[in-house]
Amino acid sequence: MNKKSIFTLSLLFPLLLGCKGKESSSSESNYVVDSTTEVVLEKDKSIDYVIDESVSNENGSMSYEIFVRSYYDSDNDGIGDLNGVTLKLPYLKSMGIKTLWLMPIMPSPTYHGYDVKDYYSIHPDYGTIDDYKNLVKEAEKLNIDIMIDMVLNHCSNKHPYFQESYEDYIYGNTDEDSKADWFNWGTGGGNYNGLQYEANFDTTMPDFNLESQGVRKEIDNIFKFWIQECGTKGFRLDAVLYYYKNTTNKNVWFMNYLMETARQYDENFYMVGECWQSDAILNSYAGSKLNSFFRFGQASGGDLSFINLVKGYGNSSNYSETIERNEKSCKQKNPNYYSSYFLSNHDQDRIAKNFVDITNKAAASLLCLMPGTPFMYYGEEILLKGKRKTSPEDYSDVRRRLPMIWSKNDKTGECKFPESNRQDLNRGNEQVEDGVEDKLNENFSLLKHYQKVINIRNKYPFLKNGKYDDMVSELKTSEKSVLAYKIYLNEEYIIVVHNFSSYAVEVTSPGNEIVDEINTSHLKPKLENNKLSLGAYSTVVMK
């Protein structure tokens, strides 16, 4: 259909639909014509998203990050705990989640836990080792893997390791069990009783000397405990860039050592590394034996963030070419590598401030239909808000880790603000009011949108290890906000097309049939005469 005939047809639909579309004055009209592009699409009259109940999370690859302290309180002390997480496993399964990443759960003097003072137990606020083992057991019943934060670059200066090392060092203890070389004494920004020590993050977090054979033996023991005794399926490795600060070859070697150590206890054990650096440096780290790394370049604040793409900044072809280049570079170095994409995490401002509802849905569609193991940050499905304050007296990440909201009216399980000496956000003014239960009862909510897209993702288990090919050029369009790519593995493949424009578009179709559709603007896609028409902020999966 040419533009002239489309325009003629559009005269039949005089009733304006907002600023972007119009339909016939008859209540029985099934079609809408976009007032920007004159693309005509049939209305999707579904009353809610349809979920394929035959699709399971068993072979899925969608992941979910939780700050336990802020998630769900099972014993009414105002603090989230492991038993609270266990209670919410059915919810996570209903979302299609395969892997649950728990931020630090070991004893620590701080609210965030990234300064561990005991590697063999659970923070008393969160419960006990038995509670953790029960969480793992119950998660396995629901096909959910438990992955925990493993902080090996440093520990707390309150850890007995540190005090023992100091004493062994100053007294010259060289016995077999000496810890004198467990830390880097005599250099760095830390000072303990007049003796300097290395501490790259904070003076309360002394860096381990990873060259020490005693430290490596202890790491082996720690891994054995969490993997073999507790049933943990994966580690998120914190701050891998700092193991040997900014020394790529040594860091890669050490990560290989960690992977080999873990695989002694579980041959399928996996690790995801945090390397907050440019794509070029991150790609070089993919040469290690680690399964995956977080892709910070596409996260909030990155040069080519998914957020900017969805908001219409830049050109989709630049994004797609970059993703293809990175994916191929990493898989050439390590054929078993897969990326971990995310929109934001606990170290970044919440993404809710960037979007209105429909663009949040488009971002969810993009994230959940990428190769690898995409990660959601708890609360993203309800638009939980939170950002760091910039005043010097109140500079903290705590507002990026605020309590999950489960219900507007029922406060059962809701946690207190994580840090008592700081102020929470006000409900309704600074923070959302509706919680999970409210959004589960709301048709076409963002939460249900995540359920829908993850459900589609879980139909195609090969996405985890799939390869990525840019297909934007095949659309043959000048539109800069339409993204197309192919994910494939052996003989299996899908083609994904996203329209991040605020209007409907018509492009040359990169595929032969539509097999799944995400009609974010409630308009059905159309495939006709090798032309694909797609509603605003909507997505199709094709073959």
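Since the structure is predicted, the reported quantities are computational estimates derived from the model, not experimental observations.

Engineer: What's the story with the overall build of the protein chain in this structure? I'm lost.
Structural biologist: A count of helices and strands for the protein chain gives 13 helices and 21 strands. Here the protein chain has a C-alpha radius of gyration of 25 Å; the compact-globule value for 543 residues is 24 Å, and the two agree. Overall, the C-alpha framework of the protein chain stretches about 90 × 50 × 45 Å when taken along its three principal axes. A total of 543 residues make up the protein chain; the buried ones form 59% of that total. Residue pairs in contact within the protein chain that sit at least 24 positions apart in sequence constitute 66% of those at least 6 positions apart. Separation of charge centres in the protein chain, based on 60 positive and 77 negative side chains, amounts to 5 Å.

Engineer: What am I meant to see in a nonpolar patch on the surface here?
Structural biologist: The grouping of Tyr169, Ile170 and Tyr171 at the surface amounts to a nonpolar patch, some 360 Å² of accessible area in total. In this structure, Tyr171 sits in the loop between helix 5 (160-170) and strand 8 (185-192). For Tyr171, a relative accessible area of 68% gives the class exposed.

Engineer: When you look at the packing of helix 11 (residues 357-368) against helix 13 (residues 446-457) in this model, what are you seeing that I'm missing?
Structural biologist: For any two helices packed against each other, one specifies the crossing angle of their axes together with the interaxial distance. Remark: helix 11 packs on helix 13, axes separated minimally by 9 Å, with the N-to-C direction vectors making an angle of 20°. As judged from the angle between their axes, helix 11 and helix 13 are roughly parallel. Considering the relative orientation of helix 11 and helix 13, their crossing is right-handed. Of the residues in helix 13, those in contact with Asp357, Asn360, Lys361, Ala364, Ser365 and Cys368 of helix 11 are Leu446, His449, Tyr450, Val453, Ile454 and Arg457. Along the lines of polarity and charge, the residues of the contact of helix 11 with helix 13 split into six nonpolar, three polar and three charged.

Engineer: Looking at this structure, how should I read the sheet that holds strand 21 (residues 539-542)?
Structural biologist: Judged by pairing direction, the sheet is antiparallel, and its five strands sit side by side in the order 14-15-16-21-18 without closing on themselves. Since the sheet does not close on itself, it has two edges, and those belong to strand 14 (467-470) and strand 18 (514-518), each with one partner. Neighbour-to-neighbour, the strand axes of this sheet turn through a mean angle of 20°, independent of strand direction. With respect to the sheet, helix 10 (residues 316-333) is in contact with strand 14 and strand 15 (482-489), its orientation differing from that of strand 14 by roughly 145°. Against the sheet, helix 13 touches strand 18 and strand 21, its axis set at about 160° to strand 18.

Engineer: Looking at this structure, how should I read the packing of helix 6 (residues 213-229) against helix 7 (residues 248-263)?
Structural biologist: Interaxial distance between helix 6 and helix 7 falls to 9 Å at its minimum, and their mutual angle equals 45°. Between helix 6 and helix 7, the interaxial angle falls into the category oblique. At the point where helix 6 passes helix 7, the crossing takes the right-handed sense. Two secondary-structure elements touch here, helix 6 through Arg216, Ile219, Asp220, Phe223 and Ile227 and helix 7 through Trp253, Phe254, Tyr257, Leu258, Thr261 and Ala262.

Engineer: Would you take a moment to explain the pattern of salt bridges for this structure?
Structural biologist: When their charged atoms lie close together, side chains carrying opposite charge are able to pair. This structure, assessed with the given rule, holds 24 salt bridges. Here Lys233 makes a salt bridge to Glu140, at a shortest N to O gap of 2.5 Å. Of this pair, Lys233 sits in the loop between helix 6 and strand 10 (234-237) while Glu140 sits in helix 4 (residues 129-141), placing them 93 residues apart in sequence. A salt bridge links Asp149 to Arg236, with the nearest nitrogen and oxygen atoms 2.8 Å apart. Here the residue Asp149 occupies a position in strand 7 (residues 145-150), and Arg236 occupies one in strand 10, the gap between them amounting to 87 residues. For the pair Asp149 and Arg236, a shared accessibility class is recorded, and that class is buried. Bridged by salt links that share partners, the residues Asp347, Asp349, Arg388, Asp397, Arg400 and Arg401 form one connected network.

Parameters at a glance
Residues numbered from 1 in each chain as written. Predicted model: local features only at pLDDT ≥ 70, side-chain atom pairs only at ≥ 80, totals over all residues. Heavy atoms only, no water. Helix = DSSP H or I, 4+ residues; strand = E, 2+ residues; numbered from the N terminus. Rg over C-alpha atoms; globule rule 2.2 N^0.38 Å. Buried < 20%, exposed > 50% of the residue type's maximum accessible area, 1.4 Å probe, protein only. Contact = heavy atoms within 4.5 Å. Lys, Arg positive; Asp, Glu negative; His and termini not counted. Charge placed at Lys NZ, Arg CZ, Asp CG, Glu CD. Patch = residues over 30% accessible without salt bridge, like charges linked within 9 Å, V, L, I, M, F, W, Y side chains within 5 Å. Areas by Shrake-Rupley, 256 points an atom, 1.4 Å probe, with all protein chains shown as cover. Salt bridge = Lys/Arg side-chain N within 4 Å of Asp/Glu carboxyl O. Axes fitted to C-alpha atoms, helices over the stretch in contact; angles between N-to-C directions. Parallel < 35°, antiparallel > 145°, perpendicular 65-115°, else oblique. Left-handed = near helix turned anticlockwise from the far one by under 90°. Nonpolar A, V, L, I, M, F, W, Y, C, P; charged D, E, K, R; others polar. Pairing = 2+ DSSP bridges.

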